[in-house]
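The chain contents come next:
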Amino acid sequence: MSNLIKRYFVRTRSLQEGMRIDQNIKDRLDRTLIARGTILDSYMIGSLQKLGIGGIYVSEGEEDPQPEAKEPPLPPEIQKTIDKTRREDPAKIKLSESLKQRVSTGMQYLYNNTNDANFANTSTRITNDLNKAINDNAAIAVDINALKTSDEYTFKHSVDVATMSMIIAKNMGYSQDDIYNIGVAGLLHDIGKSKVPLEILNKPAKLNDEEFKVMKNHTVFGYEIIKEKENFSKTIALAVLQHHEKMNGRGYPLGVKADRITDFAKILSVVDVYDALVTERPYKKALSQRTAIEMIMSMTEELDIKAMKVFFKTVILYPVDTAVELSNGERAKVVKNNEGSVLRPTVVGITTGKVYNLADDLSCANILIV
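Bear in mind that the values here come from a model prediction, so they are computed numbers and not experimental data. All residue numbers refer to position in the chain's written sequence, counted from 1. Local features are withheld for residues below a pLDDT of 70 in this predicted model, meaning they are given only at 70 or higher, and side-chain atom pairs are given and counted only at 80 or more; totals for whole chains, interfaces and linings count all residues. To get the side-chain values, take all heavy atoms of the structure and skip hydrogens and water.

Chemist: Summarise the nonpolar core; cite the residues concerned and give the values.
Modeler: Residues belong to one nonpolar core when they are buried, are Ala, Val, Leu, Ile, Met, Phe, Trp, Tyr or Cys, and are joined through side-chain atoms within 4.5 Å. Here the term buried applies to any residue with accessible area under 20% of the maximum for its type, exposed to any over 50%, and partly exposed to those in between, with areas from a 1.4 Å probe on protein chains only. Counting residues in each nonpolar core, the largest one holds 74 residues, and the members touching the most others are Leu130, Leu188 and Phe311. If you look at the next biggest cluster of nonpolar residues, it comprises 13 residues, including Leu33, Leu40, Leu48 and Val58.

Chemist: Hey, could you go over the pairing of strand S9 (residues 331–336) for me, with residue numbers and the actual values?
Modeler: Direction of pairing for strand S8 (residues 323–325) relative to S9: antiparallel, over a ladder of 3 bridges. Of the residues in S9, the one forming a bridge with Val324 is Ala332. Counting the residues in the hairpin turn of S8 and S9 gives 5 residues, including Gly329, whose phi is positive at 95°. By the bridge criterion, 4 bridges tie S9 to strand S10 (residues 346–349) in an arrangement that is antiparallel. Note that in S10 the partner of Val334 across the bridge is Val347. When DSSP finds two or more bridges between a pair of strands, those strands are recorded as paired. Secondary structure counts use DSSP, requiring at least four H or I residues in a row for a helix and at least two E residues in a row for a strand, with both numbered from the N terminus.

Chemist: A description of the sheet that holds strand S1 (residues 6–11) should follow, citing residues and the corresponding values.
Modeler: Read across the sheet, 3 strands follow the order S1-S5-S2 without closing on themselves; strand pairing throughout is antiparallel. Each end of this open sheet is capped by a strand with a single partner; those strands are S1 and strand S2 (20–21). Pairing geometry for S2 and strand S5 (residues 55–60), over 2 bridges, is antiparallel. Residue Ile21 lies in a different strand from S5, and its bridge partner there is Val58.

Chemist: Explain the side chain of His218 to me, and be specific about the residues and the numbers.
Modeler: One can find His218 in helix H10 (residues 218–227). Between N or O atoms, a polar contact is any pair within 3.5 Å; within protein, one atom must be a potential hydrogen donor and the other a potential acceptor, and residues adjacent in sequence are included only when both atoms are from side chains. A distance of 3.3 Å separates a polar atom in the side chain of His218 from a polar atom in the side chain of Asp190. In what follows, a contact means two residues having at least one pair of non-hydrogen atoms within 4.5 Å. When near neighbours in sequence (up to four residues on either side) are disregarded, His218 contacts His189, Asp190, Gly192, Lys193, Val196, His243, His244 and Tyr252.

Chemist: Please set out the packing of aromatic side chains residue by residue, giving values where relevant.
Modeler: We call Phe, Tyr and Trp rings a pair once their centres come within 6.5 Å, taking the six-membered ring for Trp, and we label the pair stacked below 30 degrees between planes, edge-to-face above 60, and tilted otherwise. One pass over the structure, following the stated rule, counts 6 aromatic pairs. With 6.3 Å between their ring centres and 80° between their planes, Phe119 and Phe232 make a pair best called edge-to-face. One end of the pair, Phe119, is in helix H4 (residues 119–136); the other, Phe232, is in the loop between H10 and helix H11 (234–242), and 113 residues separate them in sequence. Across the pair, exposure class does not vary: Phe119 and Phe232 are buried alike. Judged by centre distance (5.6 Å) and plane angle (50°), the rings of Tyr274 and Phe311 are tilted. With Tyr274 in helix H12 (residues 263–277) and Phe311 in helix H14 (residues 305–314), the pair connects residues that are 37 residues apart, well separated along the chain. Each member of the pair, Tyr274 as well as Phe311, carries the same accessibility label: buried. Of the aromatic side chains, those joined through ring pairs into one cluster are Tyr274, Phe311 and Phe312. Look at NZ for Lys and CZ for Arg. If either is within 6 Å of the ring centre and within 35 degrees of the ring normal, a charge sits over the ring. We note Arg7 situated over the ring of Tyr57; from NZ or CZ to the ring centre the distance is 4.1 Å. Lying across the ring of Phe119, Lys229 places its NZ or CZ 4.8 Å from the centre.

Next comes the structure, spelled out in structure tokens:
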């Protein structure tokens, strides 16, 4: 840590707005309520007092600036090839730090106050914030590496599912009302877990059959919470109920097949599976984004094909300008993402200048990004 940074302990009653917290504050479910580095405001200070936290560490000052590592320039002829073949990625959603913090605080409130009169208004505010970010950026794509960096923030999974589902719905031509509704459904798809016993929810090992039976009830609990709210449509409630149903009828809680599953639930299911695979849990390590994509590709009997195809067109695994290594041993730079071929962009070798169109060139069929 830099000598310019001072870290010290402050009693909660002595905290002031503008102080920077130097630790993560978590709830009993091990969810981050306030992330390290956050600038405290009066609401956060009041929340710390209500939680009964006696004091926290804060810091002031700035770290010494780190010199940026610069890549050596490429030979002119190779740089010329890169410039000639390079195509910008589609516009991607960007969430500001202040928006992430507002969303985090709002999600904390929702999970802890499912019966409160402001529940629907808070859900609406969060969804509108996310929708505004999508529209402000004219976003039609998600850089899933960038989205993954939100794992310091409370209820990451629900926010990720809502964000990705809204962009997929946009790309499928849904109306603004439908995009809003699927955003609410994404935010609240796991709200029923607030009613699951903590010893099951936090078990650091695989659930046994009886425990898993209880856990599966979270879809019904969530449906019951939402159907009582006048502000939410039946479509939202059904999407929450059905987001673990499978096209082949082997899902839960109803075990219905594709023709009886709402379209919103079909989208949520694809995104929910993906984000769950790349999120670390007490009983399993996170899978790589590539492995998760490959697993989803294999789930054609369980997930809706249309939703899957739009998901693959929406997510960006290797943003343009990313340096990658190919299975033939060559280092390369991504110059173009090919629609629908999330794992196989076009790249240029940085030593040979060779263009590899991994999606369409049959001579590249045996070459992978490793």
